[in-house]
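What the coordinates show
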Amino acid sequence: MADTDDLKDAKAFHAEIPQESSAFFLKGANALGWGMQNRLSRIFNPRSGRTVMLAIDHGYFLGTTTGLERIDLTIRPLIPYADSLMLTRGILRTVIPPTASSSIVLRVSGGSSILKELSNEEIAVDIEDSLRLNVCAMAVQVFVGGEFERQSIINMTRMVDMGLRYGVPTLGVTAVGKEMARDARYFRLATRICAELGAQYVKTYYVEQGFDTVCASCPVPIVMAGGKKIPELDALTMAYRAVQEGAAGVDMGRNIFQADAPAAMIRAVRAVVHDHETPAKALDLYETLRRQPKR
Ligand code: R5P
């Protein structure tokens, strides 16, 4: 029991200084609870308001993927440069050290493979496991216009309900089927549906025309998906344009871990996203870093 004898009089009240009460830094997140805002602050850097997420969850439907054959060897060195790792619980528990500095965004939908219809997903992780793993968000694939559109949207709304109960944000991931047009009109539809139904942030692809309208019409932050491997300058340019046009960061996989020098590439992406560096300057940084001898 605390000692109650000789208590000192409290006097540091600073009555002349009003208690600080500032708005939360992320779009659409002011009405969220403390736990959810705290988790979002571990994904999005409060200084820049942006994030560099490293997506390595491909195995959940693709199996072994080029660059991810040995995550312990290829991805671990990138962890210090990722604000967040997006991955499955299988890889998290087996390969990622619990001392890792990055926050965790856990892939929680699944149930399909490249051998069959991809949109036929269910919720594949209990929220209790997300809590055990101390994750900062749960990622659910949403197939707007896909064969199992309704099922995938309901997967997301279930995670949103559970996430709100426990203070864990849900990331709606817009998936594009082969038959769907990849244009601003489609992504405005898909991202808005995710946000209207409660996702705290949304991952979507970049489009050359009208990406600013996708970001502007989505009331929660958007992170840009990477997509298939393209030349480094093109990937840096895409990331640059996305954040200039309103994205709150990127969630890139193959364009980082399939680059010739993945650690140099993620640092170049960080320069574009967090430091407003131009693609040309970021490419210079990439070339400089990749020439440095490995220690
Ligand atoms: C995409 O929707 C899935 O989550 C992927 O497994 C992954 O995030 C894709 O990353 P990238 O297209 O940048 O390789």
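Higher on the page you've got the structure.
Throughout what follows, the structure given in this document is the object of discussion.

Conventions and cut-offs
Residues numbered from 1 in each chain as written. Predicted model: local features only at pLDDT ≥ 70, side-chain atom pairs only at ≥ 80, totals over all residues. Heavy atoms only, no water. Near = heavy atom within 4 Å. Polar contact = N/O pair within 3.5 Å; in protein donor to acceptor, adjacent residues only side chain to side chain. Areas by Shrake-Rupley, 256 points an atom, 1.4 Å probe, with all protein chains shown as cover. Nonpolar A, V, L, I, M, F, W, Y, C, P; charged D, E, K, R; others polar. Core = buried A, V, L, I, M, F, W, Y, C linked by side-chain atoms within 4.5 Å. Buried < 20%, exposed > 50% of the residue type's maximum accessible area, 1.4 Å probe, protein only. Helix = DSSP H or I, 4+ residues; strand = E, 2+ residues; numbered from the N terminus. Contact = heavy atoms within 4.5 Å. Expected span 1.5 Å × (residues − 1). Pairing = 2+ DSSP bridges. Axes fitted to C-alpha atoms, helices over the stretch in contact; angles between N-to-C directions.

Lining the immediate environment of the ligand, one finds 14 residues, of which His-58, Arg-107, Lys-203, Gly-253 and Arg-254 sit closest. One of the side-chain nitrogen or oxygen atoms of Lys-203 is found 2.6 Å away from an oxygen atom of the ligand. In the complex, the protein chains occlude 96% of the 370 Å² of accessible area that the ligand would expose alone. For the shell around the ligand, the per-class residue count stands at five nonpolar, five polar and four charged.

The subject of this paragraph is the nonpolar core. Burial of nonpolar side chains together is a common tendency in soluble globular proteins. Formed by 74 residues in total, the largest nonpolar core has its most connected members in Leu-54 and Val-269. In terms of residue count, the dominant contributor to this core is helix 11 (residues 262-275) (seven residues). Leave out the neighbours within four places in its chain, and Val-269 touches Val-52, Leu-236, Val-250, Met-252 and Ile-256. Counting residues in each nonpolar core, the second largest holds 20 residues, with Met-36, Phe-44, Ala-137 and Val-173 among its members.

Below, the discussion takes up helix 9 (residues 232-244). Helix length check: helix 9, at 13 residues, gives a terminal C-alpha distance of 18 Å against a target of 18 Å (1.5 Å per residue), a fit within 8%. All of the buried residues in helix 9 are Glu-232, Ala-235, Leu-236, Thr-237, Met-238, Ala-239, Ala-242 and Val-243. Of the surrounding secondary structure, the elements contacted by the buried residues of helix 9 are helix 8 (211-216), strand 9 (222-225), strand 10 (249-252), helix 10 (254-257), helix 11 and helix 12 (279-291). Following helix 9 by one or two positions, Gly-246 adopts a phi angle in the positive range, close to 120°.

The eight strands are arranged 1-2-3-6-7-8-9-10 in a closed barrel whose pairing can be described as parallel. Geometrically, the sheet is characterised by an average inter-axis angle of 25° between neighbouring strands, direction not taken into account. With three bridges connecting them, strand 3 (residues 103-107) and strand 6 (residues 137-142) associate as parallel partners. Counted as the bridge partner of Val-105 is Ala-137 from strand 6. In this fold helix 1 (residues 34-43) packs onto strand 1 (51-55), strand 2 (84-87), strand 3, strand 6 and strand 8 (201-204), with an angle of close to 100° to the strand it touches most, strand 3.

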